[in-house]
Each structure stands twice: as structure tokens, then as C-alpha cells.
Amino acid sequence: MDNLDEQDVIEYRYSIFELSRTEKDIVILGQLKLVTTSGEKTNCSKRKEQKDRQRDRSSYTYNGQRICTEMFRFLNSISKDKLTRLKKWLRQHGVCSVTHKAGGKRFNTRSYTAEDVQAVVRFLINFAEENAVFLPGRIPGYKSLDVKLLPSSLSKAEVWRVYAGIMEKQGKRVMLQTSFLKMWKQFTPSIIICRPMSDLCWQCQKNNLAVYQSANLTEEEKEARTRGHLNHLNSAKQQREVLQQMVEANRSNDDVASRKLGPNPPCSVDLAVHYSFDYAQQVHFPSNPLQPGPMYFLTPRKCGVFGVSCEGVGQQVNFLIDEGMCLSKGSISVISYLHFFFRKYGLGERHLDLHCDNCAGQNKNKFLLWYLCWRTLKGLHHTITLNFLLAGHTKFSPDLGFGLFKKKYSRTAVSTLDDIADCVHRSSSVTKHNVPQLVGDEAGKQTVPVYQWQDFLAPYFRTFPGIKSYHHFRFSADEPGVVFAKQFAHSPEEKMQLLKNPANLPPRMLPPSEPMPGLPRQRKEYLYTNIREFCRPDARDVVCPAPV
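Conventions and cut-offs
Residues numbered from 1 in each chain as written. Predicted model: local features only at pLDDT ≥ 70, side-chain atom pairs only at ≥ 80, totals over all residues. Heavy atoms only, no water. Core = buried A, V, L, I, M, F, W, Y, C linked by side-chain atoms within 4.5 Å. Buried < 20%, exposed > 50% of the residue type's maximum accessible area, 1.4 Å probe, protein only. Helix = DSSP H or I, 4+ residues; strand = E, 2+ residues; numbered from the N terminus. Contact = heavy atoms within 4.5 Å. Salt bridge = Lys/Arg side-chain N within 4 Å of Asp/Glu carboxyl O. Pairing = 2+ DSSP bridges. Axes fitted to C-alpha atoms, helices over the stretch in contact; angles between N-to-C directions.

Novice: Explain the nonpolar core here, please?
Specialist: Soluble globular proteins tend to bury their nonpolar side chains together. By size, the foremost hydrophobic cluster in this structure holds 63 residues, and its most contacted members are Tyr275, Phe319, Phe464, Phe473 and Leu498. Ranked by the residues each element gives to this core, the list is headed by helix α12 (residues 366-377), at 9 residues. Setting aside anything within four residues of it in sequence, one finds phenylalanine 473 in contact with Leu369, Ile384, Thr385, Leu386, Phe388, Phe464, Ile467, Val483, Phe484 and Ala485. Grouped together as the second largest cluster of nonpolar side chains are 22 residues, Leu320, Ala421, Val424 and Cys544 included.

Listed below in C-alpha cells is the structure:
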């Protein structure tokens, strides 16, 4: 209504929203009592006779002004049906608390008592103690850190049947399956059934099995098995804490967050920047989310993915490696991609912190140590740390970028490497979170050179003994050629000279590049014969050309 003060109406509505359901009903009933004309007979003038009243008559007012029914309902935020029910309650009972038809939960004969709920919670906790696996750190697909994973062979219905059998044997009330699942979700959300694709730690599984099978052993043997399991979990937790501290320090550093991915001159900024790198599972192209039937039995062209994540700026560069551009997933490729990343995308930091998983074939080998030492010798970084997560507990930043890309890829039809690069670019709502970088195109034109690092560095460096048992390495330009190593985060630091002859340093120049192998003729014929028809017409000669 135009005569009403808009601000006053808004404040009144807000005050109504703050009331509970019972308080709101009482307020509206009080208003209806004042504005409603009731009684058995209607009011009449001298000229008309009184009649039997068919319905109550209400003349709604607000601040002394007449308002319509719609305005009254708007002010009090109620529906037409609710207003009708309140009028009916006012006629029958007057102004008093409204009792709803169901009568509340206390009158429900099927409601469960606190003892019934406690019985369900105790059963789930005991069942998890006997059957679940507990893993520290992040578990893929779950936000909570204290998740207990039940075997994937179980279903929630099977767990309920076990519970029902126990309750029946004890002569206690059995909660219905739907209510049982609600109580499970509400009171024990950390107990979940493992998904088949969960990447569990094999050592954790063996330790859990050893602890479960210790019923007939002596107390000393039981204690030894339990201690071994706890030591493994504590080691994984400490390695995870090192990663979290480095990432948090970068994210909270405004000087790092304000910078952009390169190219930047090496050692141009006195900052410590953290990067994480890893390989993802390869994808195929052409790919269609509708998946044509015959495509299921064929092997399209492969594309590897190698990601380097810079947590400080919230971006990840994903190297897309065509099948013909892939030498291997070994140290030569890893070092070449990292070298290209530092040259084209690096922030120009003086102090470099690296994290990677514990794959011995790709990352944890002597050649990567030699390369990082070479960078400090040539002034490309002043200090470098290389850190490894504990095997089996290696979920970290690159997996987030890979997950965003794979989610977009599974819903997008792609035919070429450029389509996959566009898919990477559009895979995140965050501005430029995923950045694509082609290693080469389908025709064999190389963008990211792969160098012969092994032959180049081998004459100058020696092997680090027992490298697989160490998780932290540090290099500094102040002590050329020296590596400082620790087995775990809180282990004592050991020192070793990697150079065979400290007076004989490797050259600053880059090693010769490796020629790309390309696709063998047999593979070209397979793609041309079996895969070509599934590509877009304009992409067929690019992805599956006729073998020459």
C-alpha cells in the first residue's frame, strides 16, 4: 500500500522472521482476535434483519490503516491456507498455543528412545574398530581427516542386517533400516564405506591386518605390532605437516600471491616459492562422453599429463604429452619438463621448495638430485629443497588440478590435442587455475625440448647411496655440490659431496636435445583404420592421417 512506510514494513517483517513457530502463531491469533467479527448472528442495521453467520468477517488494519488480506499475509509472512487454519483454530479454541495434528514427536508411538540411538552408535563404533582402516592426511573424495574406511565389499544394507541380528539376539528393539541410516549419517559421519577407487596405503592395510590377527599372541608381540603401525602413521602425519606448512607459508605471503607465472629472470626476487609436480593417468583422444559402442574395444591416441602446481598463485601448468612425443615417464622427461617450467613459468625466486610423490622410477633417483645441484651451481637458484611424501600417502595439490581437468574431460567431446588443451583451460571456475602446455603437436612439431640429462650429468656427479630411504634433500649455492639429506622430517641431517671432483664443474650450457620417437608405422595404420571415423571430419587428417 502506498500509505505505509516502507522501512517500517521491512522492520516489522524482520521481527516476524525472528519469532519461533509458536510465538508467531500467538501473535497472529492476537491480531485476528482484534480484527475479526464473530458470533452466531450477523451485525445489521435497522433496515435489515439479523441472519445466521456463515463465516467470520475480518477487517485488517496496520498502524490504524485499513489493509487488504494480501498485505496482512505479506506482513506476517504466512500463506493463505495457514491463515485459514488459524482462523478456524481461533473460533474453536481462542487465543492459545496451536497443537498440530500429529501432536508432536512425544505422542508418536514409533519414535525411538535415546537408548535405541545409543545402541546404534555403539554398534557402528565397535563395527568400525573391527573392520575399518584409518588413514591420516587427506583421503581422495573426503573432506574429513579422521575418516574410517569400511571395506568396499560391504554395503550399508549388510551392515544394518548385522546390527539387526545382534539386536534380535539380545532381545532389544531393532531400528528400521531408513532410521538406522539416518542415525549413521547424523552421529557417525566419519565411518564410511570405501569406494573401489580409493588409493589406500598398502603398508597401512598390512599393519591393520597384523593388528587384527594378534588375538592369540603374547602382549609383547601385540605391543610391537601396534607400535609399528603407530610409527608408520606418525611418519605419514609428519611428512604431511611439512607439506602443509610450506603451502600455507606461500599462500599467506602477499609478495608471492601478487606475482604472475613467468617468464621471470632466475634469482630475480628474494622469495621462497613452493611447487608440487606429478604425473596423472593418461587420457585418450578422440573421446566422446556418449561413448560409441565400438569405441569401447579400441585404443585411441594417447595423451600423457604432467602437472606442476604453484600453490602461492593458485595455478597449475599441465604438460600435455602426445603419444608420439613421449620418450618415457623417467627422469629425462621429468627434468626436461621442470626445466622448461622454470624457464617459462617460474616466478624468479631465489629459494625453491619442491614436493613430489614417492615414485622411484620417475622422481626419486640420482638424476633429479644431480639436476637440482646443477641449478645451484649455475646460479639458477640459491637454495633448493626436494621433499617426498610417504609412499601411499601422496595426495597433494596436483591431484586437485588433475581432478578438475578429468571432470571436464569426461563431459566434453574432444578430437585433437588443441581440444584437450581447451578442456584444461575451461576445467576450473577459478581464473586460469589450470594452464595447458603442449609438448608437441600431432604432426611431430616439438614445443618442449627433452634433453639428454643423464649423459650430460653422469661424468660430474656420483650416486647418492640408499636414496630410497630418504625423504628430504637440500642444496645451497653456499656449499657447491653438497647435498644435505634427512630420512624423515625430524631425523638428523646428513651431508655428502655429490661432485666427483669439486674443481671440475659441469658446464652451464644445456645438453643436446633428444629427438622425439614419433608414432611407429604399425600404430599409424591402426589409428587410420580403426579410430579415424570417430574424429570430427576436420580433425581426421590431424589425429589419424594416412600412413606414409
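Novice: How should I be thinking about the pattern of salt bridges in this particular structure?
Specialist: Think of it this way: side chains of opposite charge can pair up when their charged atoms draw near. The full count for this structure, using the stated rule, is 14 salt bridges. With a shortest N-O distance of 3.1 Å, glutamate 493 and arginine 474 are connected by a salt bridge. Here glutamate 493, found in the loop between β15 (482-486) and β16 (494-497), pairs with arginine 474, found in strand β14 (residues 472-476); they are 19 residues apart in sequence, far enough to count as distant. On the accessibility criterion, glutamate 493 (42% relative accessible area) is partly exposed. One salt bridge connects aspartate 538 with arginine 536, and the closest N-O pair in it is separated by 3.1 Å. Through salt bridges with shared partners, a single network forms among Asp419, Arg536 and Asp538.

Novice: How should I be thinking about the sheet that holds strand β11 (residues 349-356) in this particular structure?
Specialist: In a beta sheet, neighbouring strands pair by backbone hydrogen bonds and run either parallel or antiparallel. Across the sheet, 9 strands lie side by side as β13-β10-β9-β8-β11-β12-β14-β15-β16; this open sheet has mixed pairing. Whereas interior strands pair on both sides, the edge strands pair on one side only; in this sheet they are β13 (434-438) and β16. Each adjacent strand pair in this sheet contributes to an overall mean axis angle of 20°, direction not counted. Two elements, strand β9 (residues 301-310) and strand β10 (residues 315-322), share 8 bridges in a ladder whose sense is antiparallel. Its bridge partner lying in β10, glycine 304 is registered against isoleucine 321. Strands in contact with helix α9 (residues 219-251) are β8 (269-285), β11, β12 (383-388) and β14; relative to β8, the strand with the most contacts, it is inclined by about 115°. Relative to β13, helix α14 (residues 417-425) is tilted by about 160°, and along the sheet it contacts β8, β9, β10 and β13.

Novice: I would appreciate a short explanation of the environment of valine 98 in the present structure.
Specialist: Secondary-structure assignment places valine 98 in the loop between α4 (80-93) and α5 (114-131). Note: C-alpha distance between valine 98 and leucine 29 (69 residues apart in sequence) is 9.6 Å. Not counting the four nearest positions on each side in its chain, valine 98 is found in contact with Asp25, Leu29, Leu86 and Trp89.

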